[in-house]
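Summary of structural features
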Amino acid sequence: MELDVLLHKEELTREDLAALLGLTDPKDRQKLYQAAYAVKLKYIGNVDHYRGLLEFSNRCIKNCRYCGIRRDNMEAVRFDTPREEILEMAQWAYEQRYGSLTLQSGERQDPEFIDYVEGLLREIKKIGKGTLGITLCVGEQTEATYRRWFEAGAHRYLLRIETSNPMLYARLHPRDGHHEWTVRRDCLKALKRIGYQVGTGDMIGLPGQTLEDLADDILFYREMGIDMIGMGPYVVHHNTPIGKEVMAAGGDCPEARQRRFILGLNMIAVTRLFLKDVNIASTTALQALNPLGRELGLLAGANILMPIVTLPRFRPQYLLYDGKPCVEDTPDQCKNCLASRVASVGDRVGFGEWGDSPHYFASHPKE
Ligand code: SAM
Ligand code: SF4
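Here goes a summary of the coordinates provided. The residue count restarts for each chain, going from 1 along the sequence in the order it is written. Lettering of chains starts at A and numbering of ligands starts at 1, both following the order in which they are written. With the structure being a predicted model, the display of local features is reserved for residues of pLDDT at least 70 and the display and counting of side-chain atom pairs for 80 or more, all residues being used for whole-chain, interface and lining totals. Computation of side-chain values: all heavy atoms of the structure, hydrogens and water removed.

Per the convention used, a helix needs a DSSP run of H or I reaching at least four residues, while a strand needs a run of E reaching at least two, with both numbered from the N terminus. A count of helical and extended segments in the protein gives 15 helices and 12 strands. For 367 residues, the compact-globule estimate of 2.2 N^0.38 gives 21 Å, and the C-alpha radius of gyration of the protein, at 19 Å, lies within 12% of that figure. If you line up the protein on its principal axes, its C-alpha atoms span 55 × 50 × 40 Å. Partly exposed residues are those whose accessible area sits between 20% and 50% of the maximum for their type, while under 20% is buried and over 50% is exposed, using a 1.4 Å probe and protein chains only. With 367 residues in all, the protein has 59% of them scored as buried. Only the C-alpha atoms count toward the radius of gyration. The rule for a globule is 2.2 Å times the residue count to the power 0.38.

A few words on the site of ligand 2. Being near a molecule or strand, for a residue, comes down to having at least one heavy atom within 4 Å of it. Every residue close to ligand 2 is listed here: Cys60, Lys62, Cys64, Cys67, Ile69, Arg70 and Gly106. Here the shell around ligand 2 is composed, by residue class, of four nonpolar, one polar and two charged. Any residue outside Ala, Val, Leu, Ile, Met, Phe, Trp, Tyr, Cys, Pro, Asp, Glu, Lys and Arg is labelled polar, Gly included; the first ten of those are nonpolar and the last four are charged.

Further remarks concern helix H9 (residues 211–223). The span one expects for a helix is its residue count, reduced by one, times 1.5 Å. Between its first and last C-alpha atoms H9 spans 18 Å; for 13 residues at 1.5 Å apiece the expected length is 18 Å, and the two agree. Directly after H9, the chain includes Gly225, whose backbone phi takes a positive value near 65 degrees.

What follows is about the packing of H9 against helix H11 (residues 254–275). For any two helices packed against each other, the geometry comes down to the angle between their axes and how far apart the axes lie. Angular values range over 0 to 180 degrees, each being the angle between N-to-C directions of two axes fitted as lines to C-alpha atoms, with helices fitted over their stretch in contact. Where H9 meets H11, the closest approach of the two axes is 11 Å, and the angle between their N-to-C directions is 40 degrees. Judged by the twist between their axes, the crossing of H9 over H11 is right-handed. For the pair H9 and H11, the contacting residues are Leu211, Leu214, Asp217, Ile218, Leu219, Tyr221 and Arg222 in the first and Leu263, Met267, Val270, Thr271, Phe274 and Leu275 in the second. When its residues are assigned to classes, the contact of H9 with H11 shows 10 nonpolar, one polar and two charged. In this scheme the handedness of a crossing depends on how the near helix is turned from the far one: anticlockwise by less than a right angle means left-handed, clockwise means right-handed. We call two residues in contact when some of their heavy atoms are within 4.5 Å.

This part covers the packing of helix H3 (residues 26–43) against H11. At a minimum axis distance of 8 Å, the contact between H3 and H11 shows a crossing angle of 40 degrees. Regarding the angle of H3 to H11, the classification is oblique. In the packing of H3 onto H11, the handedness of the crossing is left-handed. In this structure, H3 contributes Arg29, Leu32, Tyr33, Ala35, Ala36, Val39 and Lys40 to the contact, and H11 contributes Ile262, Leu265, Asn266, Ala269, Val270, Arg272 and Leu273. The residue inventory of the contact of H3 with H11, partitioned by class, reads 10 nonpolar, one polar and three charged. Here roughly perpendicular refers to angles of 65 to 115 degrees, roughly parallel to angles under 35, roughly antiparallel to angles over 145, and oblique to all remaining angles.

In this section: the sheet that holds strand S3 (residues 100–105). By this definition, two strands are paired if DSSP reports at least two bridges between them. With parallel pairing, seven strands are arranged side by side in an open sheet as S2-S3-S4-S5-S6-S8-S10. The open sheet is flanked by strand S2 (52–57) and strand S10 (279–280), the only strands paired with a single partner. As paired strands, strand S6 (residues 197–200) and strand S8 (residues 228–229) are joined by two bridges and run parallel to one another. From the neighbouring strand, Gly199 faces S8, where its bridge partner is Met228.

Such coordinate-based values are descriptive only and should not be taken to indicate function.
Here it is, written out as structure tokens:
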């Protein structure tokens, strides 16, 4: 089908989604990104919102086969950010008028961690009299835990499905009974039941992943009624099982990285075209593969940026993949750098606003 017809079709099919995701010609891709940006302007506007990203601990009980802070990576020096410093950085983010904070860490499910996060949320809620929005991204938990944290003040939760294909998921995770695709999907259902704004996403360009798998990921977002999408290209970490496999097969050469980068932009654009009113993040992984990655993500339809507010001394220990950007920077540098990136594409930052997903309020009308 003609690209122009496809871009203006009322309802895209799975085949249409896969065809758009597979575009490689620069002129065709430009048309796709322009169409997606027009949808962003219509449903969101030319305003982007910040979620200050505080990576507060890299301790993890999981062993995802792609991740640089997996339990068995003995190269990773483990850290916990002291509580007072987390609160200081939350205060800092509030004073910079970031609007929202995302607390992210490796996964732990022990009672001590659950209590700790709950206490932290209650303290952060006191900052600015509850005006700092809080997103949590700390993995799979029981419904009761998610509920406690919701009641303590978290109102958004990000848990990537990583891939909607259970067979591919099984290849990416150890078969030890603790990494089950159905458990992850059920966590997303529990989060929705509780009333969180729910975010998920995938890794793009994984070994063995097809365009149809990616089209299915977008269909999965719709089927699950997802409000926010945080997805990005897969990037190799040298000391992980998947990273080693990819490197051995020559899959980390510049051409392969460029392919994953383009696929990452195409995913943002096609997701924007299809889902319209969700929040979509332009993630750091895009920038790991291209210095202008995050700007190009905004122009392809993304509307959320996550400036890193992790303390500089811990950044080198939160290495999910090789070449992670901003590791040498301070929170102040990240703030100024992102503001100029937003301005360079003609958007503006919604400082001091939560920037909630319009999709959430379409299904949860405001009182
Ligand atoms: N532990 C929590 C979890 O897994 O949901 C939150 C932190 S985890 C580091 C956040 C995300 O990092 C994961 O959902 C995964 O998609 C992403 N990630 C891990 N390794 C990656 C890699 N090599 N390339 C790109 N993204 C990666
Ligand atoms: Fe742990 Fe998350 Fe990395 Fe998996 S992706 S190893 S759960 S930090």
